[in-house]
Amino acid sequence: MIELAWLIPVLPALGFVIIALATKRFKLLSALVAIAAMATSLVISLGIFFEVLQMGITMENPVEYSVRWMSVPGIEINAGILIDPLTAVMLLVVCIVALLVEIYSMGYMEGDPGFSRFYSYLSLFASSMLGLVVANNYFQMFFFWELVGLCSYLLIGFYFGRKSAADANKKAFITNRVADFGFMLGIFFLFYQFGTFNFGELAEAFHGYENIAFLTMAAILVFIGPIGKSAQFPLHVWLPDAMEGPTPVSALIHAATMVAAGVYLLARQFVLFHAAPVSLLTIAYVGGFTSIFAATIAVVQDDIKRILAFSTLSQLGYMVMAVGVGSITAGMFHLTTHAFFKALLFLGAGSAIHAVHSNSIWKMGALVKKMKVTTWTFVIGALALAGIPPFAGFWSKDEILLATKEAGFTGLYIIGSIVAFLTAFYMFRLIFVAFFGEDRTEHEPHESPLCMTVPLIILAVFSIFIGFWGAPFVEHGFASLVYFEHPHHVTPDYMLMFTSTLLAIAGIVLAWLVYGKKVISAEKIKNRFQPIHNILYNKYYIDEIYQWIFDNIVLTIASMFKWHDRNVVDGTAHGISDSIRAAGARLRFIHTGSLQNYALVIFIAIVLIVLWMGMPVLGGIQ
Amino acid sequence: MNFPVLSAIVLAPVIGVLAILLIPEKEELLIKITAAVATFISLALSIFIFLTYDRSVGGVQFVESIPWVDRFGINYTLGVDGMSLPLVLLTSIVIFTGVFASWDMHTRIKEFFIFLLALVAGVFGVFVTRDMFFFYLFFEVAVIPMYILIGVWGSTRKEYAAMKLTLYLLVGSAFALIGIIATFLYAGAPQHLGYLTFDIEKLATVHYDIAFQKFAFFLMLIGFGFLVPMWPLHTWSPDGHVAAPTAVSMLHAGVLMKLGGYGIIRLGIFFFPEGAKYWAPLIAVLCIVNVVYGAMVAMVQKDLKFVIGYSSVSHMGYVLLGIASLNSMGIDGAVAQMFAHGIMTALFFALVGNIYHKAHTREIARFGGLAHQMPRVATGFVIAGLASLGLPGLNNFVAEFLIFVGSFTIDKVVLGFIPFRALSILAILGIVITATYVLRVVQFVFFGPRKEEWDHLTDAKGIEMVPIVILISVLILFGLFPAPMTDLINIGVEPLIAKIQAAQAIGGVF
C-alpha cells in the first residue's frame with residue numbers, strides 16, 4: 001500500500017479537475033465524484049496505517065521515496081512521500097473528517113447555486129492538505145502549505161457577494177502571507193546552511209551542529225509559519241473572521257485539519273526545535289498565551305461559530321504548548337481527538353444554524369425538543385472538549401497538562417488548568433443558552449436530514465472512544481506510535497486527572513448556575529465589569545490596532561511613494577525634457593514640435609556626451 | 001534540418017503584414033483571421049523548436065547564416081539557445097492570444113494589425129538573432145510601431161504616453177547603441193580579434209579589459225535598463241501600459257520589457273562578466289526599489305491598468321535581482337520569471353481589456369461584485385492575481401523561488417554595510433505587499449454585493465475565451481511541471497555562469 005501513497009493526494013486533485021471541467025452542471029454528480037475520490041483516499045490511508053503497524057515502521061525508520069520535480073545547479077527539488085506513524089495518523093484524521101464533511105455538505109449545501117464549486121474547492125483542499133501531510137521536504141510542505149491557504153481563501157469567500165466574506169478571506173490570506181514570509185526565510189536559512197530541504201537530511205545535519213544561535217533563528221522563523229496557519233497570537237486575527245465560510249468548511253479547514261497543519265509541521269521537524277531550546281521555549285509560551293487569551297474571549301461571544309472559533313484558537317494553543325514543552329505525542333494526540341470533536345461541534349452548530357437561520361446563540365434555545373440528534377451529539381462534543389472523562393478530550397488534555405507539569409513548566413500548567421475551566425464554562429454557556437432553556441427561535445426548527453445527522457453520530461462515536469487510544473493505561477497506544485526519539489510512557493497521574501476533572505465540572509456547574517438555573521445574573525456581572533466585558537467582547541481590540549496600522553502607516557507610505565513617483569521621478573524627467581524644449585525654442589529652426597526632431601536632438605546629444613566621457617576607456621579604438 | 005525555421009518565425013508576421021496590405025479595409029474579419037493565422041504559424045513553429053531543441057547537445061541550435069555586409073562583419077545570423085528559446089515561445093503565445101484579445105476592435109483595424117505584426121516581427125528578431133547589428137535593428141523595429149499603436153489606438157492621455165514612451169526608449173537605445181559600437185570597435189581592433197564582426201559568439205570570445213568592461217556594461221545596463229524598466233527609469237511604463245490598447249499592453253508588458261532583461265544578459269553579462277560583477281551591487285539596490293516601491297505604489301492606484309502597470313515594475317525588479325545574483329539559480333530564475341511574468345501580465349491585460357471594452361471605465365472604486373456578472377473573467381483575474389503573488393502551482397512561483405534562493409545564498413556585502421541577503425529579504429517581503437494589492441483589487445472589483453449598474457456586462461465567451469484559456473493553461477502547465485522549462489533555461493545559462501566564474505572579482509561599484 002505504501003507505494004500507492006502518492007495516490008492519496010492525487011485522487012482528490014483528479015476529483016477537483018473532473019468537477020471543474022466536466023460535472024459542474026450536475027450537482028449530485030459533482031458531490032459523488034468528490035466523495036468517491038475521498039473514500040478511495042481513505043481506503044488507501046487505512047491500508048497504509050495498518051501496514052505501518054504490521055511492518056513495524058516507526059518514527060526512527062520511516063519509508064521514503066521521491067522523484068525529481070525541478071533542479072538547476074545548486075538546488076534540487078523533489079516531490080516525495082514520507083511515511084511514518086505520524087504521517088499515517090494524520091492521513092487518517094484528514095481523510096475521515098474530510099469524507100464525513102463532504103457527506104454532511106450534501107445536505108447542508110443543498111440548493112446552493114455554488115454547490116459544484118463548493119465540492120471542487122473541497123476536493124482541491126483535501127488534495128493539498130494530503131500533499132502537505134505526506135511531504136518529505138520543506139519545499140513540498142511550503143508548496144501545499146500555500147495551496148491549503150488558497151483553498152481556505154476561496155472557501156471563506158465562498159459567498160463572495162457578502163462584503164464581510166470578501167473582507168474575511170482577504171484578511172486570512174494576507175495574515176497568512178505575513179507568516180509565510182517568516183516561514184520562507186526560515187526555510188531559506190536552513191537551505192543556505194545545509195543545502196537541502198529534505199527533513200531527514202536536515203535532521204542528520206543538525207546532529208552535532210554547533211551554531212545554536214543560527215539554529216534558534218532558523219527555528220523561530222520556521223515557527224512563524226505555524227503562528228499564522230495555526231492562528232497563534234499575534235497572527236490569530238484571521239481565524240474568527242474565517243467563520244464567514246460555509247459551516248462545513250469551518251469544521252474541516254478552520255477547526256480539524258488545516259489549522260492543525262502548523263502543529264503537524266512542528267511535530268514533523270521537531271528535531272530542529274529540539275536542537276534550539278530557546279525556540280522551544282518561545283513555542284511553549286506562545287501556545288500557552290494563545291490558549292488562555294482566546295479562551296477569555298470565547299466566554300463573552302454571542303455567535304455560535306465565533307465561540308467555537310475562539311475555542312479552536314485556544315485548543316490550538318494547547319497543542320502548540322504541548323509541542324513547546326517537548327511532547328509531540330501529547331500535541332499530536334490532542335490534534336487527533338480535537339479534530340473529531342471540534343468537527344462534530346462545528347457540524348452540529350451548522351445543523352442548528354441550518355434550522356434556525358441565525359448564528360446568534362440568543363436566537364436559538366430549547367433546540368433539544370426539536371433536534372434530538374443534533375443536541376445530544378453536540379453535548380457529547382462539548383463534554384469531550386471540556387475534558388470530562390471518559391470522553392476523548394479528557395485523555396488528550398490531561399496528557400498535555402501532564403507534559404507541562406513533568407517538564408517543570410508550572411506556570412503553563414496553571415494556565416492550562418485555568419483554560420480547562422474556562423473551556424467547560426463557555427461550552428456549557430453555549431449549550432444551556434442555545435440547546436436548552438426557553439425557546440427563542442423565530443422559525444420552526446426541525447431536525448436535519450440523515451446525510452447530516454449520520455456524520456454527526458459517527459463523529460460522536462469517535463469523540464467518545466478515540467481518547468482511549470492514548471489513555472495512559474493502554475499499551476501499544478498512541479504514545480508508542482508517535483513520539484520523538486523514543487516512546488515516552490507516562491504513568492497515570494490520578495491527582496492531576498482529578499483536579500482537571502474537578503475544574504471542568506466546576507466550569508459546567510457555573511455555566512448552569514448562570515445560564516441554566518439563572519441563580520446568578522449574567523446581566524449583573526456584565527454591568528459590574530463593563531470595561532472588562534468590552535475588552536473581551538472586542539477581542540482586546542487587536543483587529544482595530546492592525547487596521548489602524550494598515551490605514552495610517554502602510555497606506556500613507558504607499559501614497560508618499562506614489563507622490564514621489566509622480567512628482568520627483570517624473571518631475572525630473574519632465575524637467576530634462578522641458579529644458580531641451582527650451583533650448584529648442586531658442587534654436588527656433590529646430591523647434592518644429594515634432595517627435596522626430598526632439599528624439600534626434602536627444603539621441604545625438606547622448607551619443608556625443610557618452611562618447612566624450614568614455615574616451616579614456618575606449619582604449620580599443622585606434 | 002534545412003528548413004529555416006527561425007526565419008519562418010520572424011517572417012510569418014511580416015508575411016501577415018503583406019497579406020493584410022492587400023485586403024480591403026472593410027473586410028475586418030478576414031484581416032483578423034489573417035493576423036491569427038500568421039501568428040499561429042509563429043506559435044506552432046515556436047512550440048516545434050521548444051520540443052525539438054536537442055537538450056543533450058545544448059548550445060546554439062537551428063542556426064542560419066547569410067552574409068550581408070562583409071566589410072563590417074554583418075551577417076544575418078539566427079539561432080536560439082536555452083535562454084532565448086523560452087522568450088521566443090513567450091512572444092508567440094502573447095501575440096497569438098493578443099490577436100484574439102483584439103477581436104472586438106473596430107477602429108482602423110487594418111493599420112492596427114499591420115503595426116502590431118510589424119512590432120512582433122521585431123521582437124522575434126531580437127530573440128533569435130545572433131548578430132549584434134541585427135539585434136539593434138530588430139530592437140528599433142520593435143520600438144517604433146509602439147509609438148503609433150499607442151498614439152492612435154490608445155486611451156487615457158495617449159499622446160503624452162506615446163511620446164514619453166518613445167523618448168524614454170530612444171534615450172535607452174542611444175546608450176545601448178554606443179555600447180554596441182564601442183564593443184564592435186574594441187573587439188575589431190588588431191590586438192583583439194583583428195577583424196570587424198558583429199557576430200555575438202565571436203564577440204564573446206574577446207577578453208575585454210576591466211576599464212572597458214565597466215564602461216560598456218554600464219552602457220548596456222542603462223540602455224536596456226530603460227526597457228526593463230529599472231528604477232528610476234520606469235515611469236514611462238505605467239503610463240504606456242495604461243494608454244495602450246489591450247493587445248499592445250499585452251505585448252508591451254508581456255514581451256517588450258523582456259527585451260531589456262534579455263539585452264542586459266546577452267549583451268551585458270555575456271560580454272562583460274567583470275563589468276557585471278562591478279555593477280551588480282547597483283542593480284541589486286535599484287531592483288529592491290523596483291520591487292518594494294513598485295508594489296507599494298500599485299497599492300494606492302485608482303485605475304486597474306495602473307495597478308498592473310506598477311505590478312510589472314515590481315515584478316521586473318525580481319528579474320533584475322536574479323541577474324544581480326550572478327549565479328545559476330538567480331539567472332535561471334530571472335529568465336524563468338521573464339517567461340512567467342510575460343504570460344501572467346498578458347492575462348491581466350486581456351482581462352482588463354475585456355472589462356474596459358464593456359464597461360468603458362477602469363476606475364476600481366466604481367466596480368464591485370463583478371464576479372456576479374462576469375464569473376469567468378473573475379476566475380481568470382483571480383488566477384492571474386494568484387500567479388502574481390507567487391502562489392505555488394503557478395509558473396511565477398517557480399521563477400521567484402529560484403530568484404529568492406539564488407540571491408539569498410550570496411554572502412557579499414553591498415555599500416560596505418548592507419548584506420546582499422538583507423536585500424534579498426526585502427525582495428521576499430515583496431510577496432506580502434503583492435498579496436495585499438492584488439487581493440485588494442480582486443475584492444474591490446469582483447467581490448461584494450451585485451451592482452445593478454453593471455448588469456449589462458456580459459461574461460467572456462467564445463473568441464474572448466481563447467486568450468484567457470491559453471494563458472491560464474500555460475501558467476498552470478509550467479507551474480506544476482517546471483522542469484522542461486527550467487532545464488532548458490539552464491542549458492542556455494550554463495555558458496554564462498562559466499564566464500562569470502572565470503571572471504576575476506573586481507570589488508564592485510560600492
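Owing to the predicted nature of the structure, the values given are computational and were not obtained by experimental measurement.

Rules of the game
- Note on numbering: residues in each chain are counted from 1, in written sequence order.
- Written order decides the labels, with chains lettered from A and ligands numbered from 1.
- This being a predicted model, a pLDDT of at least 70 is required before a residue's local features are given, and a value of 80 or more before pairs of side-chain atoms are given or counted; all residues contribute to the totals for chains, interfaces and linings.
- The basis for every side-chain value is the complete set of heavy atoms in the structure, and neither hydrogens nor water enter the calculation.
- Stacked, edge-to-face and tilted labels apply to pairs of Phe, Tyr and Trp rings (six-membered ring for Trp) whose centres lie within 6.5 Å, assigned for plane angles under 30 degrees, over 60, and everything in between, in that order.
- Segments assigned H or I by DSSP are reported as helices when at least four residues long, segments assigned E as strands when at least two residues long, and all are numbered from the N terminus.
- Throughout this description, buried means an accessible area under 20% of the type-specific maximum (1.4 Å probe, protein chains only), exposed means over 50%, and partly exposed covers the range between.
- By definition here, charges over rings are those cases where NZ of Lys or CZ of Arg is within 6 Å of the ring centre and within 35 degrees of the ring normal.
- Here, axes are lines fitted to C-alpha atoms. For helices the fit covers the stretch in contact, and angles between N-to-C directions go from 0 to 180 degrees.
- With respect to orientation, any angle under 35 degrees is reported as roughly parallel, any angle over 145 as roughly antiparallel, any angle of 65 to 115 as roughly perpendicular, and every other angle as oblique.
- Crossing handedness is read from the near helix: turned anticlockwise from the far helix by less than a right angle, it gives a left-handed crossing, and turned clockwise, a right-handed one.
- Contact criterion: two residues are considered in contact whenever any of their non-hydrogen atoms come within 4.5 Å of each other.
- In this classification, the charged set is Asp, Glu, Lys and Arg, the nonpolar set is Ala, Val, Leu, Ile, Met, Phe, Trp, Tyr, Cys and Pro, and all remaining amino acids, among them Gly, are polar.
- Between N or O atoms, a polar contact is any pair within 3.5 Å; within protein, one atom must be a potential hydrogen donor and the other a potential acceptor, and residues adjacent in sequence are included only when both atoms are from side chains.
- Here the term patch refers to residues with relative accessible area over 30% and no salt bridge, with like charges joined within 9 Å and nonpolar side chains (Val, Leu, Ile, Met, Phe, Trp, Tyr) within 5 Å.
- Calculation of accessible area relied on Shrake-Rupley with a 1.4 Å probe; when residues are assessed, cover is drawn exclusively from the protein chains displayed.
- Salt bridges, as used here, are contacts in which a Lys or Arg side-chain nitrogen is within 4 Å of a carboxyl oxygen on Asp or Glu.
- In this analysis, the protein atoms alone were mapped onto a 1 Å grid. Cavities are point sets where a 1.4 Å probe fits without being able to get out; pockets are open sets with protein on both sides within 12 Å along at least five of seven lines; lining residues have an atom within 4 Å of a point.
- Grid points are joined across faces, edges and corners, and a volume is the space filled by probe spheres set on the points.
- DSSP-based pairing: two strands are paired if at least 2 bridges between them are found.
- Buried area counts how much accessible surface, traced with a 1.4 Å probe, disappears from two parts once they are put together, with both parts' losses summed.

Colleague: I would appreciate a short explanation of the packing of aromatic side chains in the present structure.
Modeller: Both the distance between ring centres and the angle between the ring planes are used here to describe each pair of aromatic rings. In this structure the tally under the stated criterion is 90 aromatic pairs over all chains. Plain terms: the ring middles of Phe-189 of chain A and Phe-408 of chain B are 4.8 Å apart, the flat faces sit at 80° to each other, and that makes the pair edge-to-face. Pair noted here: Phe-189 of chain A is in helix H6 (residues 163-194) and Phe-408 of chain B is in helix H16 (residues 395-408), and the two residues belong to different chains. Judged on exposure class, the residue Phe-189 of chain A and its partner Phe-408 of chain B are both buried. With a centroid separation of 4.8 Å and an interplanar angle of 70°, the aromatic rings of Phe-233 of chain A and Phe-289 of chain A are classed as edge-to-face. Note that Phe-233 of chain A is positioned in the loop between helix H8 (212-229) and helix H9 (238-241) and Phe-289 of chain A in helix H13 (residues 277-298), a separation of 56 residues in sequence. Looking at Phe-233 of chain A, the relative accessible area reads 27%, which means it is partly exposed. Of the residues examined, Phe-289 of chain A reaches a relative accessible area of 38% and is grouped as partly exposed. Sitting over the ring of Phe-50 of chain B, Arg-55 of chain B keeps its end group 5.3 Å from the ring centre. Over the ring of Tyr-192 of chain A we find Arg-421 of chain B; its NZ or CZ atom is 3.9 Å from the centre of that ring.

Colleague: Would you mind showing me how to read the packing of H6 of chain A against H16 of chain B here?
Modeller: Helix packing geometry: the angle between the two helix axes and the distance between the axes. For the pair H6 of chain A and H16 of chain B, interaxial distance at closest approach is 10 Å and the crossing angle is 55°. It follows that H6 of chain A is oblique to H16 of chain B by the angle criterion. As for how H6 of chain A packs across H16 of chain B, the hand of that crossing is right-handed. Residues Met-184, Leu-185, Phe-188, Phe-189, Phe-191 and Tyr-192 of chain A of H6 of chain A form the contact with H16 of chain B, whose own contacting residues are Phe-397, Phe-401, Phe-404, Val-405 and Phe-408 of chain B. Among the residues making up the contact of H6 of chain A with H16 of chain B, the classes are represented as 11 nonpolar, no polar and no charged.

Colleague: How should the side chain of His-334 of chain A be read in this particular structure?
Modeller: All names here are of chain A. Along the polypeptide, His-334 turns up in helix H15 (residues 328-356). For His-334, a relative accessible area of 1% corresponds to the buried category. A polar contact is formed between the side chain of His-334 and the side chain of Gln-315, at a distance of 2.7 Å. Setting aside residues no more than four positions away along its own chain, His-334 makes contact with Gln-315, Tyr-318, Met-319, Phe-341, Ser-396, Lys-397 and Ile-400.

Colleague: Looking at this structure, how should I read a nonpolar patch on the surface?
Modeller: On the surface, Ile-535, Tyr-540, Tyr-541, Ile-545, Tyr-546, Trp-548, Ile-549, Ile-553 and Ile-557 of chain A cluster together to form a nonpolar patch covering roughly 780 Å² of accessible area. A total of six residues in the nonpolar patch trace back to one element, the largest contributor, which is helix H24 (residues 542-586) of chain A.

Colleague: Hey, could you run me through the pattern of salt bridges in this one?
Modeller: Two side chains that carry opposite charge are able to pair once their charged atoms sit near each other. Residue and element names in this part refer to chain A. Going through the model one piece at a time under the given rule, you end up with 25 salt bridges over all chains. In this structure, Glu-438 engages Lys-518 in a salt bridge whose closest nitrogen and oxygen atoms are separated by 3.4 Å. Residue Glu-438 is found in the loop between helix H19 (410-434) and helix H20 (450-465), and its partner Lys-518 is found in the loop between helix H21 (494-516) and helix H22 (522-528); the two are separated by 80 residues along the sequence. Residues joined by salt bridges that share partners form a network here, namely Lys-171, Asp-241, Arg-306 and Asp-543.

Colleague: Which parts of the structure should I look at to understand the layout of surface pockets?
Modeller: Over the atoms a probe the size of a water molecule is rolled, and this reveals where empty space is left. Space inside the second largest pocket adds up to approximately 1100 Å³. Every residue lining the second largest pocket is counted, 40 residues in all, and those nearest its centre are Lys-171, Ile-174, Tyr-546, Gln-547 and Phe-550 of chain A. Elements represented by at least two residues in the lining of the second largest pocket include exactly H6 and H24 of chain A together with helix H11 (273-299) and helix H17 (420-446) of chain B. Broken down by element, the residue count for the lining of the second largest pocket peaks at 11 residues, all from H6 of chain A. Class assignment for the residues of the lining of the second largest pocket results in 22 nonpolar, seven polar and 11 charged.

Colleague: Any chance you could explain the pairing of strand E1 (residues 61-69) of chain B here in plain terms?
Modeller: Every other side chain in a regular strand lies on the same face of the sheet, so the side chains alternate between the two faces. Residue and element names in this part refer to chain B. Of the pairings in the sheet, the one linking E1 to strand E2 (residues 74-80) comprises six bridges and is antiparallel in character. If you follow Pro-67 over to E2, its bridge partner there is Asn-75. With antiparallel pairing between neighbouring strands as the criterion, E1 and E2 make up a hairpin whose turn holds four residues, including Gly-73 at a positive phi of roughly 65°.

Colleague: Would you take a moment to explain empty space enclosed by the protein for this structure?
Modeller: Residue and element names in this part refer to chain A. On inspection of all chains with the given rule, the structure shows four cavities of 30 Å³ or more. Size it by volume and the largest cavity reaches roughly 100 Å³. What lines the largest cavity is simply Trp-395, Asp-398, Glu-399, Leu-402, Pro-472, Val-490, Thr-491, Pro-492, Asp-493, Leu-496 and Met-497. Every element with two or more residues in the lining of the largest cavity is listed here: helix H18 (392-406) and H21.

Colleague: Any chance you could explain the side chain of Ser-417 of chain A here in plain terms?
Modeller: Residues and elements named next belong to chain A. Following the sequence through the fold, Ser-417 ends up in helix H19. By relative accessible area, which is 12% here, Ser-417 ends up buried. Those residues in contact with Ser-417, other than ones at most four positions away along the chain, are Leu-401 and Leu-503.

Colleague: Which parts of the structure should I look at to understand the interface of chain B and chain A?
Modeller: A common way to report how large an interface is uses the accessible area buried once the components associate. Taken together, the contact between chain B and chain A spans 83 residues of the former and 65 residues of the latter. Note on chain B versus chain A: buried area summed over both sides is about 6500 Å², and carbon and sulfur give 77% of it. In this structure, the connection of chain B to chain A is made through three salt bridges. Asp-570 of chain A is the partner of Lys-164 of chain B in a salt bridge, and the nearest nitrogen-oxygen pair spans 2.6 Å. If one sorts the elements of the side of chain B that touches chain A by residue count, helix H6 (residues 158-188) of chain B sits on top with 16 residues. Partitioning the side of chain B that touches chain A into residue classes produces 57 nonpolar, 17 polar and nine charged.

Colleague: Looking at this structure, I do not really get unusual backbone geometry. What am I missing?
Modeller: Among all residues except glycine, the phi angle is most often negative; among peptide bonds, the trans geometry is most common. With an omega of 0°, the peptide bond running from Val-228 of chain B to Pro-229 of chain B counts as cis. In this structure, Pro-229 of chain B sits in the loop between helix H8 (210-225) and helix H9 (236-243). The phi dihedral of Tyr-540 of chain A falls on the positive side, at around 60°, and the residue is not glycine. Under the relative-accessibility criterion, Tyr-540 of chain A is labelled partly exposed at 30%. Of note, the phi angle at Phe-62 of chain B is positive, near 60°, even though the residue is not glycine. With respect to the element layout, Phe-62 of chain B can be found in strand E1. Take Phe-62 of chain B: its relative accessible area is 15%, and that puts it in the buried class.

Colleague: Got a minute to help me understand the environment of Ala-503 of chain B in this structure?
Modeller: All names here are of chain B. Tracing the backbone shows Ala-503 in the segment after helix H19 (483-502). Sequence separation of Ala-503 and Val-469 is 34 residues, and the distance between their C-alpha atoms is 45 Å. Setting aside residues up to four positions removed in sequence, Ala-503 forms contacts with Pro-273, Glu-274 and Lys-277.

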